[in-house]
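Spelled out from the first residue to the last, the chains are:
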Amino acid sequence: MSERNNTLETTRRLGVEQTGIEIIDEADRTAQPRDLFWPWFAANVSVFGLSYASFVLYFGISFWQGVLVSVLGIVISFALCGVIAIAGKRGSAPTMIMSRAAFGVQGQKVPGVISWLVSIGWETFLAILAVLATSTIFTRLGWGGGTSTKVVAALVVAAMIVSASVAGYHIIMRMQSVLTWITGIVTVLYMVLTIDDINWSAVQDIPAGSTQSVIGALVMVMTGFGLGWINIAADWSRYQKRTASGPSIVAWNTFGGALAPVILVVFGLALAGSSTEILDGVAGDPIGTLATLLPTWALVPFLLAAILSLVSGAVLGIYSSGLTLLSLGVRLKRPQAAGVDGVLLTLGTIYVVFFADNFINPFQSFLITLGVPLAAWAGIMISDLVLRKRDYDDEALFDEQGRYGAFDWVSIGTMVAASVIGWGLVINTFSDDASWNNWQGYLLGPLGLGGRDGAWAFANLGVLAALLIGFLVALVARRSTVARQEAA
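On a predicted model such as this, the values are computed, not experimentally measured, just so you know.

Caption draft 1: Here's a closer look at the overall build of the protein chain. On a plain count of helices and strands, the protein chain comes out with 21 helices and zero strands. In terms of overall dimensions, the protein chain is globule-like: its C-alpha atoms have a radius of gyration of 22 Å, near the 23 Å expected for 488 residues. For the protein chain, the residues scored as buried account for 61% of the 488 residues in total. Long-range contacts, defined as pairs at least 24 residues apart, comprise 85% of the intrachain contacts of the protein chain with a sequence gap of at least 6. Of the roughly 18,600 Å² that the protein chain leaves accessible, carbon and sulfur atoms contribute 65%. Computed over 26 positive and 30 negative side-chain charges, the separation of the two mean positions in the protein chain equals 10 Å.

Below, the structure is given as structure tokens:
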């Protein structure tokens, strides 16, 4: 016990969290549900949310249809994150460790690899946006936005992300509460300065799209917001008091995550619907395109807020990707795992910024592809939470001889089957930039949905199908397994 106390004192003094994937001690579980507001709001108040409006309108739907899918998609997806966050309170361990109850101690590595890839992809994507935004705004200010600017920006952004993620939970929570105010204020300023650029007549004239297009936009929004975070949702609730209310955790998680994106995307829909230049420019440089609407004096605070908001989101991703790496059996300390992922983030950012011709389209293709098995995993995890009436057995989460076993083949098989079906119901809409995904959509023809060129091809039904199949199959097939585990 004295050794543990010394470790805790060192952690408090140095500000570096040493706790990795192990169970959080009861004495350290002091957080309350309302504390979840800060990390989720700060990570999602990014002005990048404005640019999502262009992706929504590219589905060929109207402004009001865009508002509907944005509000529903954002709120529902973050509510699902809130449900997964309950697992953190029940077991006080990272999300992928809690996943061992559903997949087995060793079987968890199947969704664990998917989770790690998604987290690495998201954090690198956010870092890339920060670098490109810096280059664009420096160019407009006449400060030079060429190679040297990009190099310095890439190193500074990577250093900020990695240093915060290495420091750990307590530093990040304090940082996020500060960033919330900074990014929130500047984002409101941006909206005030650009509201006159909205042409309501043009916005209202955008024609309505088909039902299939609406569903496709809805799935894209869900995948890009809440479902993009769902694999790390319990990482931020594992410090919650054991007596914390489950519904309160869901509510604060949803409120914190959805509040800013709903406002930003709806405002962005009005901006993008007013100008084809904005609509098309976002595809190449989202933040830089939005900056073109600002007066020169506002560019510096806008750049600062944009970078900080993107860094905020990337910090959550790299912190959790480090925990996921540890859950896969990699023998490192938590700060070291975060550092390894930081190196990968830096290399990925440098490659895309300096060598890749286009990254938005391949990223969206990557997002949908991994979004399918991630949705299947989420469905299985949510069913596991619904079926369980007691807290998790902490020791069994680390013992393949314990009640959860080494492999839960029902969950693994369900995830694989749901993914195979899901991939058959999505298509690669970026075949030129991501030709490695052209194999998808093989069920659209046999199921009478018009094939890869039909109306349903762009609806991304595979994500919803994987989520529902994972949930419903596991809810029925694992009921007796969960009952037997809890009886033990």
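What follows continues from the structure just given.
Caption draft 2: Spatial organisation of the side chain of Ser115. For Ser115, the position within the fold is in helix α7 (residues 109-141). Using a relative accessible area of 0% as the deciding quantity, one classes Ser115 as buried. Within the structure, Ser115 has its side chain in polar contact with the side chain of Asn231 (distance 2.7 Å). Here Ser115 is in contact with Met96, Asn231 and Thr324, once residues within four sequence places are set aside.

Caption draft 3: Main features of the nonpolar core. Counting residues in hydrophobic clusters, the biggest one holds 129 residues, and the most contacted among them are Tyr52, Ile161, Ile230, Trp236, Phe302 and Trp377. For this core, the element with the most residues is helix α18 (residues 360-387), which contributes 14 residues. Among the nonpolar cores identified, the runner-up in size contains eight residues, and Ala457, Ala459, Leu461 and Ala465 belong to it.

Caption draft 4: Structural context of the packing of aromatic side chains. Under the criterion given, the structure shown has 16 aromatic pairs. Taken together, a centroid distance of 5.4 Å and an interplanar angle of 80° make the contact between Tyr52 and Phe55 edge-to-face. Pair noted here: Tyr52 and Phe55 are both in helix α3 (residues 48-57), with a separation of three residues, about one helical turn. The same class applies to Tyr52 and to Phe55, which are both buried. Taken together, the ring pairs in this structure connect Phe37, Trp38, Phe41, Trp181, Trp252 and Phe255 into an aromatic cluster.

Caption draft 5: Representation of the environment of Pro111 within the structure. Assignment of secondary structure puts Pro111 in helix α7. Put simply, Pro111 and Leu425 are 314 residues apart on the chain and 20 Å apart in space, counted from C-alpha to C-alpha. Setting aside residues no more than four positions away along its own chain, Pro111 makes contact with Met96, Ser99, Phe103, Trp377 and Met415.

Caption draft 6: Molecular detail of the packing of α7 against helix α8 (residues 147-167). Axis separation between α7 and α8 bottoms out at 9 Å; the angle between their running directions is 140°. As judged from the angle between their axes, α7 and α8 are oblique. At the point where α7 passes α8, the crossing takes the right-handed sense. Between α7, through Ala127, Ala130, Val131, Thr134, Ser135 and Phe138, and α8, the contact on the second element is made entirely by Thr149, Lys150, Ala153, Ala154, Val157 and Ile161. The class makeup of the residues in the contact of α7 with α8 is eight nonpolar, three polar and one charged.

Caption draft 7: Structural view of the side chain of Thr183. Within the secondary structure layout, Thr183 lies in helix α9 (residues 169-194). Filtering out sequence-adjacent residues up to four positions away, Thr183 remains in contact with Val45, Ala305, Leu308 and Ser309.

Caption draft 8: The packing of α7 against helix α16 (residues 299-327), seen in detail. Where α7 contacts α16, the axes come no closer than 8 Å and their chain directions differ by 165°. Taken as axis vectors, α7 and α16 run roughly antiparallel relative to one another. Of the two possible hands of crossing, α7 and α16 adopt the one that is left-handed. Residue composition of the contact of α7 with α16, by class: 18 nonpolar, eight polar and two charged.

Caption draft 9: Layout of the environment of Phe138. Mapped onto the fold, Phe138 is located in helix α7. Here Phe138 falls in the partly exposed class, since its relative accessible area comes to 23%. Here the alpha-carbon distance between Phe138 and Ala102, two residues 36 residues apart in the chain, equals 49 Å.

Caption draft 10: Structural detail: the pattern of salt bridges. If you walk through the whole model with that rule in mind, you get five salt bridges. The salt bridge partner of Asp393 is Arg403, with a shortest N-O separation of 3.0 Å. Separated by 10 residues along the polypeptide, Asp393 in the loop between α18 and α19 (409-423) and Arg403 in the loop between α18 and α19 bring together distant segments of the chain. According to the relative accessible area criterion, Asp393 is partly exposed, its value standing at 23%. Of the residues examined, Arg403 reaches a relative accessible area of 32% and is grouped as partly exposed. Each of the salt bridges in this network shares a partner with another, and the network as a whole consists of Asp384, Arg388, Asp408 and Arg478.

Caption draft 11: Looking closely at unusual backbone geometry. Phi angles above zero are rare outside glycine, and Ser92 is one such case at about 50°. When you line up the elements, Ser92 lands in the loop between α4 (63-91) and α5 (95-98). Phi is positive for Asn460, close to 55°, though the residue is something other than glycine. You can see Asn460 is positioned in the loop between α19 and α20 (461-477).

Caption draft 12: How the structure looks around the environment of Gly379. Summarising the element assignment, Gly379 is placed in helix α18. Those residues in contact with Gly379 that lie beyond four places of it in its chain are Leu467, Gly470 and Phe471.

Rules behind the numbers
Residues numbered from 1 in each chain as written. Predicted model: local features only at pLDDT ≥ 70, side-chain atom pairs only at ≥ 80, totals over all residues. Heavy atoms only, no water. Helix = DSSP H or I, 4+ residues; strand = E, 2+ residues; numbered from the N terminus. Rg over C-alpha atoms; globule rule 2.2 N^0.38 Å. Buried < 20%, exposed > 50% of the residue type's maximum accessible area, 1.4 Å probe, protein only. Contact = heavy atoms within 4.5 Å. Areas by Shrake-Rupley, 256 points an atom, 1.4 Å probe, with all protein chains shown as cover. Lys, Arg positive; Asp, Glu negative; His and termini not counted. Charge placed at Lys NZ, Arg CZ, Asp CG, Glu CD. Polar contact = N/O pair within 3.5 Å; in protein donor to acceptor, adjacent residues only side chain to side chain. Core = buried A, V, L, I, M, F, W, Y, C linked by side-chain atoms within 4.5 Å. Phe/Tyr/Trp six-rings, centres within 6.5 Å; stacked < 30°, edge-to-face > 60°. Axes fitted to C-alpha atoms, helices over the stretch in contact; angles between N-to-C directions. Parallel < 35°, antiparallel > 145°, perpendicular 65-115°, else oblique. Left-handed = near helix turned anticlockwise from the far one by under 90°. Nonpolar A, V, L, I, M, F, W, Y, C, P; charged D, E, K, R; others polar. Salt bridge = Lys/Arg side-chain N within 4 Å of Asp/Glu carboxyl O.

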